[in-house]
Amino acid sequence: MRLPIFLALLLAPLISPAAPSVAPSRLFADHMVLQRDKPIPVYGTGPAGATVSVTFIDRTVSTTVGEDGRWLARLAPAPAGGPHTLVIKSDGTHRTYSDILVGEVWLCIGQSNMYWESNDSDVKSLAAQAADHPRIRLAACTNTFHPTLQPGVSLHPSWSVPDATLAGKFSAVGYGFARDLQAALNVPVGIVRMAAGGVPIGAFMGPLSRDYDADVTAEITASGHGSVLYNGQIAPAVPFAIRGILYYQGEANQNSSHVYKRSLAALIREWRTLWNEPALPVGVIQCAGFSGGNFHWIRDAQTTVAQVVPGVGDIVSFDNADKSGIHPVEKRRIARRAADWALADVYLKLDYEKNRTSHLRDFTLAGNAVTLEFTRTGGALTVASGTVAQAFKLAGDDGRYHSATTGSIVGDTIVVSSAAVLRPVSVRYAFASDAPANLYNAGGHPIGPFRTDDAPLYGTPAGSDLARPSRPGAPAIARNGASGTLAWPAATDNVGVVEYLVYRDDELVAVTPGHFLALSGLADGQVLYIRARDYAMNVSHKSPDLRVGAR
């Protein structure tokens, strides 16, 4: 029977909408993977003052919803294993999540090449076997774009135990990476894909990135996609515990490469601040080889950041066979290289010397030839096809580059020269959008593309187009056991030098504007050296090596 109108109006003040309930982040779901050996944050939204209890592996932690409508409970670290159950309780709320594993969690962030599905790549055969690997779990976030950061708005992942259909529609790089990690570590692996086609780096950058410098701020704003995926996917995932991030993006920024290296550095700094992990591992996958565009400048920025910012992996993909499009089907090799980097650099499970991209360590000009020395080759450089290394170019004082021929390869060095350049001053390798490079280290990882000309991309003082800092002086150390003070003479003719980078056993340990540094953890046999850095973040000749303990 319908109530009379006057009675309905009389009762209306007594009928109120349902009170908001406690809601965990949507990253928490059945079949999920939680990060092992780290505190486990469980978080969400709810009415201020409400009490929330979280139970996992027979341990219960309680917390209270804050005035901002958010709550966070931190569970003690747990070892790899499962399946487990997670229970979240509050007044009127009782949620139980089942089939939860504890293992390794990685975010796979990027644009279309990260989104690219297994079925459209050479990872398809792996995806067809997905049902045989139930300890790999996948979460695919929808393209959640938000122009502003809104409390309570979250990403929409869908955790699954993948079969062939689901794995076939998942990120090829992400799934291939998971397969390699799981096989090597023998623990559960969870991959969260946060990717969308055609988006510039500004889409992933939030307010901390905007504070990096004026040019980065302008780039984020001008992109037309400023922070939309940060707001919709990345920010809602904080502080979900993760091991690291794979980042495969850059194609959409090929026309703004002049600021990309600072944007990428700012993005990595922001992630490490958000997760409160200053050394959060980040693997940067370079742009693929492509017969058009300016991808070599983006790769240059990616390599520079990987060499300057500690804990960043440089994962090369420019040697794909098909360079007719920006989406190579050869995703299996990229995924394997990413896994090799993680297993060597993050998990210390593979030979550190040959399972990562090798970079130029130093070069020596002698007459019309240049001797190049590379890091971490595993003791030998190899030519993948034929007998001659390709893609080297030399330039003289006029700055014009000519193809170079390669001479002897001895260990980790190679000699290059060009009949057209009698007095070379700089060398480039694979510095083209579709360079036919074929030089690899002993582990089958490519030599990363590089240039030594320090061309002014931005911020370089006027009149210094061809200037580069010269070699810093030989370092010396005053040692007292495991501690000591390292000192070195300044680089001469150092036009543009603003900082010195101090390396120990090829690992960056400090950046300083001065000529001395206090060090700890010294041990006999360590090798120390210095590099100078110009305004464009390009690195000069290194100083001579100093072996600790040598007399």
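Residues numbered from 1 in each chain as written. Predicted model: local features only at pLDDT ≥ 70, side-chain atom pairs only at ≥ 80, totals over all residues. Heavy atoms only, no water.

Focus: the overall build of the protein chain
The condition is simple: A run of H or I in DSSP becomes a helix once it reaches four residues, and a run of E becomes a strand once it reaches two; helices and strands are each numbered from the N terminus. In this scheme, a residue with accessible area under 20% of its type's maximum is buried, one over 50% is exposed, and one in between is partly exposed, where area comes from a 1.4 Å probe on protein chains only. What makes two residues a contact is simply this: any of their non-hydrogen atoms within 4.5 Å.
What the protein chain contains, in helices and strands, is 11 helices and 32 strands. The 551 residues of the protein chain split such that 53% are buried. Considering only contacts in the protein chain between residues 6 or more positions apart, those separated by 24 or more positions represent 71%.

A word on the packing of aromatic side chains
As a reminder of what qualifies: When two rings of Phe, Tyr or Trp (its six-membered ring) have centres within 6.5 Å they constitute a pair, described as stacked for plane angles under 30 degrees, edge-to-face for angles over 60, and tilted for the intermediate range.
If you walk through the whole model with that rule in mind, you get 13 aromatic pairs. Seen in terms of ring centroids, Trp106 and Trp341 are 6.0 Å apart; in terms of plane orientation they differ by 75 degrees. Their pairing is edge-to-face. Within this pair, whereas Trp106 is found in strand E8 (residues 93–110), its partner Trp341 is found in helix H11 (residues 331–346), the two being separated by 235 residues in sequence. For Trp106, a relative accessible area of 0% gives the class buried. With a relative accessible area of 3%, Trp341 lands in the buried category.

Remarks on the environment of Asp215
Here is the rule we go by: Polar contact is defined as a pair of N or O atoms within 3.5 Å, subject to the rule that within protein one atom must be able to donate a hydrogen and the other to accept it, and that residues adjacent in sequence are counted only when both atoms are side-chain atoms.
For Asp215, the position within the fold is in helix H7 (residues 214–222). Separated by 47 residues in sequence, Asp215 and Arg262 have C-alpha atoms that sit 8.6 Å apart. Residue contacts for Asp215: discarding those within four places in its chain leaves Val259 and Arg262. Separated by 2.9 Å, the side chains of Asp215 and Arg262 make a polar contact.

A word on the pattern of salt bridges
Note the threshold: Only one rule defines a salt bridge in this text: a Lys or Arg side-chain nitrogen within 4 Å of an Asp or Glu carboxyl oxygen.
Across all of its chains, the model carries 15 salt bridges by this definition. The salt bridge partner of Asp345 is Arg356, with a shortest N-O separation of 3.0 Å. One end of the pair, Asp345, is in helix H11; the other, Arg356, is in the loop between H11 and strand E15 (360–366), and 11 residues separate them in sequence. In this structure Asp345 comes out as partly exposed when scored by relative accessible area, which is 21%. A salt bridge links Asp545 to Arg361; the nearest nitrogen and oxygen atoms lie 3.3 Å apart. Of this pair, Asp545 sits in the loop between strand E31 (539–542) and strand E32 (546–547) while Arg361 sits in strand E15; the two residues are 184 residues apart in sequence, bridging distant segments of the chain. By relative accessible area, which is 10% here, Arg361 ends up buried. Residues joined in a network through salt bridges with shared partners are Arg36, Glu104 and Arg243.

Focus on the pairing of strand E13 (residues 282–285)
Worth spelling out the cut-off: Two strands pair if DSSP finds at least two bridges between them. By the criterion used throughout, a crossover qualifies as right-handed when its path from the first strand across the helix to the second strand runs clockwise, the strands pointing away from the viewer.
The alternating pattern of E13 places Val282 and Val284 and Gly283 and Ile285 on opposite faces, both of which are buried. In this structure, strand E12 (residues 244–248) lies alongside E13, joined through four bridges in parallel fashion. Bridging across to E13, Tyr247 finds its partner in Val284. With helix H9 (residues 257–274) bridging E12 and its parallel neighbour E13, the resulting β-α-β unit is right-handed. Where E13 meets strand E14 (residues 312–315), four bridges bridge the pair, whose relative direction is parallel. Bridge pairing in E14 links Val284 to Asp314.

Comments concerning the sheet that holds E15
Condition: Convention adopted: a line fitted to C-alpha atoms gives each axis, helices being fitted over their contacting stretch, and angles between N-to-C directions are expressed from 0 to 180 degrees.
Strand order in this open sheet of four strands is E15-E16-E21-E20, and the pairing throughout is antiparallel. Edge positions in the open sheet fall to E15 and strand E20 (405–410), since each of these has one partner strand only. On average, each strand axis in the sheet is tilted by 20 degrees relative to the strand beside it, whichever way the strands run. Across five bridges, strand E16 (residues 369–374) lies against strand E21 (residues 413–417) in antiparallel orientation. Note on E21: the bridge partner recorded for Leu372 is Ile414.

Quick word on the nonpolar core
Worth spelling out the cut-off: To define a nonpolar core, start from buried Ala, Val, Leu, Ile, Met, Phe, Trp, Tyr and Cys residues and group those joined through side-chain atoms within 4.5 Å.
One finds Phe240 and Trp271 to be the most contacted residues of the largest nonpolar core, which totals 71 residues. The residues contacting Phe240, other than those within four sequence positions of it, are Leu27, Phe28, Met32, Val33, Leu34, Tyr43, Val105, Trp159 and Trp275.

What to know about H7
The test is simple: It is the directions from the helix axis to the C-beta atoms that the arc portrays.
For H7, the full list of buried residues reads Val216, Glu219 and Ile220. Along H7, the residues classed as buried sweep out an arc of 100 degrees about the axis, all on the same side. Exposed and oriented more than 90 degrees from the buried face of H7 are Ala214, Thr221 and Ala222. At its buried positions, H7 is contacted by helix H6 (207–210) and H9. In this structure Asp213 caps H7, since a side-chain oxygen of it lies 3.1 Å from the backbone nitrogen of Asp215.

Describing helix H5 (residues 172–185)
In plain terms, the rule: A helix is expected to span 1.5 Å multiplied by its residue count minus one.
Its 14 residues give H5 an end-to-end C-alpha distance of 20 Å, which sits within 8% of 20 Å, the value for a rise of 1.5 Å per residue. Among the 14 residues of H5, 12 are classified as buried, and the element is accordingly described as predominantly covered. A positive phi of about 60 degrees marks Asn186, the residue just after H5.

Here's the deal with the sheet that holds strand E26 (residues 483–487)
In spatial order, the strands read E25-E26-E29; together these three strands make up an open sheet with antiparallel pairing. Sheet topology places strand E25 (476–480) and strand E29 (516–519) at the edges, where each strand pairs with a single neighbour. Taking the axes of each pair of neighbouring strands and ignoring which way they run, one obtains an average angle of 15 degrees across the sheet.

Description of the pairing of strand E5 (residues 59–64)
Sheet analysis places strand E4 (residues 51–56) next to E5, joined by six bridges and oriented antiparallel. Across the sheet, residue Ser53 finds its bridge partner in E5, namely Ser62. Adjacent in sequence and paired antiparallel, E4 and E5 are bridged by two residues, among which Ile57 carries a positive phi angle near 50 degrees.

So, the packing of H5 against H11
For clarity, the threshold we go by: Note on angle classes: values under 35 degrees are labelled roughly parallel, values over 145 roughly antiparallel, values of 65 to 115 roughly perpendicular, and the remainder oblique. Handedness of a helix crossing follows the sense of rotation of the near helix relative to the far helix, less than a right angle counterclockwise being left-handed and clockwise being right-handed. Classification used: nonpolar for Ala, Val, Leu, Ile, Met, Phe, Trp, Tyr, Cys and Pro, charged for Asp, Glu, Lys and Arg, polar for all others including Gly.
At a closest axis distance of 8 Å, the pairing of H5 and H11 adopts a crossing angle of 45 degrees. Between H5 and H11, the angle is such that the two are oblique. The two elements H5 and H11 meet at a crossing, and its hand is right-handed. Contacts between H5 and H11 involve Ala172, Val173, Gly176, Phe177, Asp180, Leu181, Ala184 and Leu185 from the former and Lys331, Arg332, Ile334, Ala335, Arg336, Ala338, Ala339, Ala342 and Leu343 from the latter. Residues belonging to the contact of H5 with H11 are distributed by class as follows: 12 nonpolar, one polar and four charged.

As far as function goes, none of this settles anything; it's purely spatial.
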